[in-house]
Each structure stands twice: as structure tokens, then as C-alpha cells.
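# Summary of structural features
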Amino acid sequence: MARATILHADLDAFYASVEQLLDPALLGRPIAVGGGVVLAASYEAKRAGVRSGIPGWRARRLCPDLTFVGGHFSEYQRLGDAVMDVLGDYTPWIERISIDEAFLDVAGSVHLFGEPAEMAAAIRRRVRDELGLPISVGVATTKHLAKVASQVAKPDGLVVVDAGEERAFLDPLPVELLWGVGPKTRGRLDQQGIRTIGDLAAASPERVEALLGSATGAKLGALAVNADPRPIETSRRSRSMGAQSALGRRVPSTRLLRTELGFLADRVATRLRASRQAGRTVTVRVRFRDLRSVTRAETVAEPLSTTHALADLSVRLARKALADHPEEREITLLAISVSKLAEGSPPETLRALDDAVDAVRAKFGRGAVGNASVVFRGAGRVPDAFRELAEAGAELAGDEDPASGHQSLD
DNA sequence: TCTGGGGTCCTAGGACCC
DNA sequence: TCTGGGGTCCTAGGACCC
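Within any chain, residue numbers begin from 1 and follow the written order of that chain's sequence. Numbering of ligands from 1 and lettering of chains from A proceed in the order in which they are written. Totals for whole chains, interfaces and linings use all residues, but because this is a predicted model, local features are given only for residues with pLDDT of at least 70 and pairs of side-chain atoms are given and counted only at 80 or more. Computation of side-chain values covers all heavy atoms of the structure but excludes hydrogens and water.

Scanning chain A for helices and strands turns up 17 helices and 12 strands. The globule rule used here is 2.2 Å times the number of residues to the 0.38 power, and the radius of gyration it is set against is calculated over C-alpha atoms. Relative to a compact globule of 410 residues, whose C-alpha radius of gyration would be 22 Å, chain A shows 23 Å and is just as compact. Exposed residues in this analysis have more than 50% of their type's maximum accessible area, buried residues have under 20%, and partly exposed residues fall in between, with area computed by a 1.4 Å probe over protein chains only. Taken over 410 residues, chain A has a buried fraction of 44%. By definition in these notes, contact holds between two residues if any of their heavy atoms fall within 4.5 Å. Restricting to contacts in chain A with at least 6 residues of sequence separation, those with at least 24 account for 67%. In these tables, accessible area is a Shrake-Rupley quantity obtained with a 1.4 Å probe, and a residue counts as shielded only by the protein chains included in the view. Looking at chain A as shown, the accessible area adds up to about 20,600 Å², and 52% of this sits on carbon and sulfur atoms. Positive charges are assigned to Lys and Arg, negative charges to Asp and Glu, while His and the chain termini are left out of the count. A charge is said to be at NZ when it belongs to Lys, at CZ for Arg, at CG for Asp and at CD for Glu. In chain A, the 54 positive side-chain charges and the 53 negative ones have mean positions that sit 9 Å from each other. Strands here mean DSSP runs of E at least two residues long; helices mean DSSP runs of H or I at least four residues long; both are numbered from the N terminus.

The next thing to look at is the protein's contact with DNA strand C. The rule for a residue being near a molecule or strand is that one of its heavy atoms must lie within 4 Å of it. Neighbouring DNA strand C are 20 residues; Ser98, Lys147, Thr185, Ala297 and Thr299 lie closest to it. In the interface set of DNA strand C, defined as its atoms within 4 Å of the protein, sugar plus phosphate atoms amount to 100%. Nitrogen and oxygen atoms within 3.5 Å of one another constitute a polar contact, given that in protein one can donate a hydrogen and the other can accept it, and given that sequence-neighbouring residues count only through two side-chain atoms. With respect to DNA strand C, the side chain of Asp100 contributes an N or O atom lying 3.2 Å from a sugar or linking oxygen. In this structure, Val181 approaches DNA strand C through a main-chain N or O atom, which is 3.3 Å from a phosphate oxygen.

What follows covers the pairing of strand β6 (residues 101-105). Burial runs high along β6: 4 of the 5 residues are buried. Across 5 bridges, strand β1 (residues 6-11) lies against β6 in antiparallel orientation. In the sheet register, Ile6 faces β6, and the bridge partner there is Asp105. Whether two strands pair comes down to DSSP finding at least two bridges between them. Pairing of strand β5 (residues 94-98) with β6, which is carried by 4 bridges, proceeds in the antiparallel orientation. Each bridged residue has a counterpart across the sheet, and for Arg96 the counterpart in β6 is Ala102. Counted along the chain from β5 to the antiparallel partner β6, the turn is 2 residues long.

On to the domain arrangement of chain A. In terms of domains, chain A is made up of domain 1 (1-170), domain 2 (171-224) and domain 3 (240-404). Here the C-alpha centroids of domain 2 and domain 3 sit 37 Å apart. For each domain, the first and last residues come from an automatic or database assignment.

Another aspect to go through is the packing of helix α11 (residues 205-212) against helix α12 (residues 214-224). Every axis corresponds to a line fitted to the C-alpha atoms, with the helix fit spanning only the stretch in contact, and the corresponding angles, defined between N-to-C directions, vary from 0 to 180 degrees. Packing of α11 against α12 leaves a shortest axis separation of 7 Å and a crossing angle of 135°. Here α11 is positioned oblique relative to α12, judged by the angle of their axes. Pair α11 / α12 crosses with right-handed handedness. The segment α11 lies against α12, with Val208, Glu209 and Leu212 engaging Ser214, Thr216, Gly217, Ala218 and Leu220. Amino acids are sorted into nonpolar (Ala, Val, Leu, Ile, Met, Phe, Trp, Tyr, Cys and Pro), charged (Asp, Glu, Lys and Arg) and polar (every other residue, Gly among them). Its residues placed into classes, the contact of α11 with α12 shows 4 nonpolar, 3 polar and 1 charged. The labels follow the angle: roughly parallel below 35 degrees, roughly antiparallel above 145, roughly perpendicular from 65 to 115, and oblique for the rest. Crossing handedness: left-handed means the near helix sits turned counterclockwise from the far one by under a right angle, and right-handed means the same turn made clockwise.

When the charged atoms of two side chains lie near each other, side chains of opposite charge can form a pair. Salt bridges are defined by distance alone: a side-chain nitrogen of Lys or Arg within 4 Å of a carboxyl oxygen of Asp or Glu. Scanning the model with the defined rule gives 24 salt bridges in all. Note that Lys154 and Asp12 form a salt bridge whose closest N and O atoms lie 2.6 Å from each other. With Lys154 in the loop between α7 (143-153) and β8 (158-160) and Asp12 in the loop between β1 and α1 (14-22), the pair connects residues that are 142 residues apart, well separated along the chain. Arg292 is the salt-bridge partner of Glu328, the closest N and O atoms lying 2.7 Å from each other. Taken together, the residues Glu328 in the loop between α14 (307-323) and β12 (331-343) and Arg292 in the loop between β10 (277-288) and β11 (293-304) connect sequence positions 36 residues apart. Assessed through its relative accessible area of 18%, Glu328 is described here as buried.

So, about the side chain of Ser150. Here Ser150 is to be found in helix α7. At 2.7 Å, the side chain of Ser150 and the side chain of His8 are in polar contact. Those residues in contact with Ser150 that sit more than four places away from it in its chain are His8, Asp10, Ser136, Val137 and Gly138.

The next thing to look at is the sheet that holds strand β4 (residues 67-69). Taken in spatial order, the 3 strands line up as β3-β2-β4 in an open sheet, and their pairing is mixed. Strand pairing shows two members of the sheet lacking a second neighbour, β3 (38-41) and β4, which therefore form its edges. Along the sheet, successive strands turn relative to each other by an average axial angle of 30°, direction set aside. Its contacts with the sheet put α1 on β2 (31-34), β3 and β4, and the angle it makes with β2 is roughly 110°.

As a further point, take the packing of helix α13 (residues 254-274) against α14. Close contact between α13 and α14 brings their axes to 8 Å; oriented N to C, the two are set at 135°. In terms of orientation, α13 and α14 fall into the oblique class. The element α13 and its partner α14 pack so that their crossing is right-handed. Contacts from Thr254, Leu257, Arg258, Leu261, Gly262, Ala265, Asp266, Val268, Ala269 and Arg273 in α13 reach Thr307, Leu310, Ala311, Asp312, Ser314, Val315, Ala318, Arg319 and Leu322 in α14. Here the residues of the contact of α13 with α14 sort into 10 nonpolar, 4 polar and 5 charged.

Time to look at the protein's contact with DNA strand B. Residues in close proximity to DNA strand B total 29 residues, the closest being Arg239, Ser240, Gln244, Arg271 and Val382. Per the 4 Å cut-off to the protein, sugar and phosphate atoms form 77% of the nearby atoms of DNA strand B. Here a base oxygen of DNA strand B and a backbone polar atom of Gly53 are 3.4 Å apart. Residue Lys219 places a side-chain N or O atom 3.4 Å away from a sugar or linking oxygen belonging to DNA strand B. Counting residues per element, the ones that place at least two in the surface near DNA strand B are α12, β9 (240-250) and α17 (384-394). Within the surface near DNA strand B, the residues separate by chemical class into 13 nonpolar, 10 polar and 6 charged.

Following this line, the structure appears as C-alpha cells:
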């Protein structure tokens, strides 16, 4: 039987913990990072029902003494990276899955640092002592189970699920602890009397697949019986790249579409070029007042990565989406996503302008130059630092492959 | 009194080809 | 004479995650 050598390390209420670290007056108090929407809540706020993603007004109603803080996004990036450096002291086999969590496979480091559980304890101690942050760790035989374990460990805890103890650990837990079970799936399972992971593991595959669709059902079934031994992936290429802007309520004039989609196209195309990629499918999403949204997509023959081409196609797609919904007078969000990514740059002739813009920006900053929509759009509703943090999160794929160029610890 | 920005994966239907 | 089966690609929408 496989040993429990997979760790999932997950910082607790990360943004909120950083704020409490930066301003000790906030310690022990319910705080939320964000404003219009809650990006993160401290455990004190969570106890009152404040969750990330809920609107600010609802959070205030749930928790009248809630303190909102603006957010120190560059500090989140710095501290998140510092935590990953600590993890890297224990193994090169790290899969960072967001700014504040990662999987580790420590099978090859046991002779250096002791049992996986000891490493987990040491990691927690070091992150607390050196960086001042609480972090929970789960240890198990598979990634998914380690993640369930870290969720159970929260806040500020350690849970080890030894080989052979998986069923006893999983069976009594509620299904929503499984990765991929959200409100809808939980509701569907609940209607069938399936509430615990044990219930799900005991249900026939046919029944689960009939309920959730074949792929989702099979996947969830595998998770429930811990039969999903996916390996640690130290680097991964992203499959799409996008950007979006919430707009408040706006009438979708041609001028608005050109300005906002020009801004978004510029952000996406710049990142595409920086990663030397281009994409064939462009998807535009338009959201209406009731939060319903529609998408229109087009796949082109030649991969594109120029700001101009992306902006033009995006405006066309947005017009198509709007034309199909003439009853909608106002829109609240625009988004662009580019997928079917491939290595490659645009032809020389088309690239010259973007190259020049990229070069000037590298020297003088983003606002120094750009197409009119970028320069004249003015400040958005969302701080650039937050966008950059989110972008960084989307580009976690490390270029360091432990399998090549790194001496095995064994 | 309606909510950010970045992603992943799945489903279903239709076009098209052999 | 009116119709099989399989595969691939594309589009639109939805659920979910951090």
C-alpha cells in the first residue's frame, strides 16, 4: 500500500491573516479584505457567516462590527512566495496551485527530514515563526485526500491520514468537502439521500453517473473511494488566458465597447506575447444586470496575439452577443478569453507596433504608452495591483522541472 | 441592495467528413 | 431508394475552484 507522502499546505484566511500581521490592531477582530465584494475574511468574520465572494453590504449585515481593509496586494505576493520558498526546503516536488496553497511529494526526502508528519509539523512551525502566518497541512496517500485533510485541519492545524485509514477518515465527512462538489452538486446528491462521502462511495457508479453525468460522476466516484492517484505536476501550461472588467451599469455604446474591450485586449495580448504564445479561439462574455451572462466565441485559422486583432474580433463578438439580446439595455461586465493556445508570435509585420509598445512599457510602466483605450480609459474600478496579483496566480507554472537537471534526493 | 478577477473541466447539439 | 455509424471540431452554457 502506498505510503502517505503527499502534503497539501494551505495558508489560513491568507489575505486577512496578512492584514492582521501588518496591523496587529486587527488581530482577533472580524475583518474583510475588499469592498464591493469580500475577497477574504478573517476567522472571526467567518464565524459570523462572512464568506469570500459575498457582496460587501451583505457582509456588513451579517457582521455589524466588521472592519473592511483595502488590501496590500504586493505583500500577499511577497509572503505567498516566501511560504513557497519554505516548502521548497523540503522537496523540489512542489505543485503550487494558487498564491496560498501547494501540494508536495516528500517521498524522496524522508531520510533527510524524517516522517512526512514531522515535515508537516516543521513547515507549520517555520511559517509561523519566520513569516508570522498560520498554515494548515494535510498529509495523505493522494493529492485529493491530502487536500481534504488540510480542510479538516483548518484553522491552523495538521491532519495525517495514514495508509489504510482512508475509508475511516473519509466516510463520515460531508460530500461538499470533495473537490468539485459545489452547491448544485451537493443539492442533487442530497435529494438522493447522499450526504456523506461514505454514502457516495457506497452508491453504485451507474446511479451516480446518471445523477451527475458520466464524466463528473466517474470522477467524483473515484474521489470518494480515494482512487485518484494523480501525480504532482511541477509545471503546467495554462489552457487559456483572459481578462475581465466589472462595469457597474453601463449602456453598451460602441464607444464603451471599444474602450473597455481595447483595454482588456491589451492586457491579454501583452501577456500572450510575454509568454510567447498565441491563441486561435477568442471568447467574449457579456453580463447583464441580473448577473446572467452570455458568451460568443470564434475560432480563427491563424493564432493571434496582437492587441489590434484581439480587440477587433472582441468588439465583433460582443456586438453579436448584444444583438441576440436586444431587450437588455445595460451591461455590467465584459470579459475576453483566448484559448487553443500554441507557441508562436505574430508575423513580423504585425508585431512591430506591439513590440515597440511592450519595450517602452518595460522601461516606463504600463500607462506610458498604448492604444487610445488604454491611455484614456483612466483608472478602473479595480486596483491594478489586484489584477496583477490575479495574473500572477494564473501563471504559476514554474519552468523548473525537478525531473531534469535536479539531483534526486534518494 | 445585486457581486472581483483569474482560471479548469464537462455537456450537449450541430456541422462536417469518411 | 431517404439514411448507418463513428470521429473531430466548434459553440454556448454551466458548475466549480482560488
